[in-house]
Amino acid sequence: MDLRSDTVTRPTAAMRAAMAAAEVGDDVYGEDPTVNALESEVAAMFGHEAALFAPTGSMANQIALQTLVPPGGELLCDADAHVVTYEVGAAAAYGGISSRTWPAAGGDLDPDLVAAMIRPAGYGAVPTRAVAVEQTHNRSGGQIIGLDTLRRLRAVTAAAGVSLHCDGARIWHAHVADGVPLASYGALFDTLSVCLSKGLGAPVGSLMVGDAERIAAARVLRKRMGGGMRQAGVLAAAGRYALRHHIGRLADDHVRAARLAHALASYGVVDPAQVRSNIVALDLTKAPVDASALVDAAAVEGVLLAAVGPDTARLVTHLDLDDDAVDRAIEVLTAILSR
């Protein structure tokens, strides 16, 4: 039972068949029909003009940020955002982007706080050029930023002449959990990155979404960063299959995550009300084991989970886990936490 991440899934038999049958061409020349179809479909889903297929979510994020923030400009995001936590300093290393953060709050984003942090050009300060948010928010346990909050944030950035980016690696989960149309999210952002290998079960791939001019610039940046792929339609076919067949079923993952949270709540390690999607974050500060010990003890029993801090562990449900697997995970984890 692998609960470390929703990136550990393997392509289904039907997805593999779609990959084997994919029509391909040279994508660097723009001649892969399956990649072109995937890009057009994802752009339309979010109500944007164009999209660009990239091998990873980090690359899609960083390309988007480079189209929004010139070298020496400033990006604002929260302190636990993926773009400044898990992307190995890429914004600074590749884009020359200066980052400043507000205290991590997950889904409890405060647009007024962001407004107060935006710095205009001049006055000897580094000007703020873009704001980035994450939907759903990984390190906060898959929390969802509400649509009204995002609309307030869009009003703030628009008034300041600042761009707005969404790291939407798991935006599909927010869409399913809250029933917000993807196009409603898309209308709020200048750029988005959306992932096919987190939750949707594709083996690889993300897309940057934006207007046609920005995507044309992004295509150059992708090549510069080594992301120009050739017969990538084999991978794009997996993504197209995932979009058709694996979005609605995310609701099953949410139900299973809630079951995990309710089963572990009595041990004081999780508040089930905070579990909105497929990630269960365990706070082990008052538990009899720390994160490393919990991970090791669970692994002995065949249950894999991730330590994301000394006293924080993470469980993630996905399409390769059924109800029996969740029952077994509950049995193992409750036994360890009862020691």
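Residues numbered from 1 in each chain as written. Predicted model: local features only at pLDDT ≥ 70, side-chain atom pairs only at ≥ 80, totals over all residues. Heavy atoms only, no water.

Peer 1: Now, about the pattern of salt bridges: what can you tell me, with residues and values included?
Peer 2: Using the criterion set out here, one finds 20 salt bridges in the structure. The salt bridge partner of E39 is R219, with a shortest N-O separation of 3.6 Å. One end of the pair, E39, is in helix α2 (residues 33–45); the other, R219, is in helix α10 (residues 212–224), with 180 residues separating them in the sequence. Judged by relative accessible area, R219 falls into the partly exposed class, the value being 30%. Two residues, R328 and E301, come together in a salt bridge whose shortest N-O distance is 3.3 Å. Of this pair, R328 sits in helix α14 (residues 323–337) while E301 sits in the loop between α13 (291–300) and β9 (306–309), placing them 27 residues apart in sequence. One salt-bridge network, in which partners are shared between bridges, spans R256, R259, D323 and D327. (Salt bridge = Lys/Arg side-chain N within 4 Å of Asp/Glu carboxyl O. Helix = DSSP H or I, 4+ residues; strand = E, 2+ residues; numbered from the N terminus. Buried < 20%, exposed > 50% of the residue type's maximum accessible area, 1.4 Å probe, protein only.)

Peer 1: Before we move on, can you summarise the sheet that holds strand β8 (residues 279–283) with the specific residues and values?
Peer 2: Read from one edge of the open sheet, 3 strands run β8-β10-β9, paired in antiparallel fashion. Strands with a single pairing partner mark the edges of an open sheet, and in this sheet they are β8 and β9. Adjacent strand axes in the sheet meet at a mean angle of 30°, parallel and antiparallel pairs treated alike. Helix-sheet contacts for helix α12 (residues 250–264) involve β8 and β10 (312–316), and the interaxial angle to β8 is about 20°. Here α13 sits on the sheet and contacts β8, β9 and β10; the angle it forms with β9, its principal contact strand, is near 175°. (Pairing = 2+ DSSP bridges. Axes fitted to C-alpha atoms, helices over the stretch in contact; angles between N-to-C directions. Contact = heavy atoms within 4.5 Å.)

Peer 1: Requested: an account of the pairing of β9, with residues and values cited.
Peer 2: Relative to β10, β9 is paired through 3 bridges, and the arrangement is antiparallel. Of the residues in β10, the one forming a bridge with A306 is R314. Following β9, the chain reverses through 2 residues before pairing antiparallel with β10.

Peer 1: Please provide a residue-by-residue account of the sheet that holds strand β2 (residues 74–78), values included.
Peer 2: Taking strand neighbours across the sheet as the criterion, the 7 strands line up as β1-β7-β6-β5-β4-β2-β3 in an open arrangement whose pairing is mixed. Each of the sheet's edge strands pairs with one partner strand only, and the pair in question is β1 (50–54) and β3 (98–102). Strand-to-strand twist in this sheet, taken as the mean axis angle between neighbours without regard to direction, amounts to 20°. One ladder, built from 4 bridges, connects strand β6 (residues 191–195) with strand β7 (residues 206–210); its direction is antiparallel. By the bridge assignment, V194 is partnered in β7 with L207. Its contacts with the sheet place α10 against β1, β6 and β7, and it is angled at close to 15° to β1.

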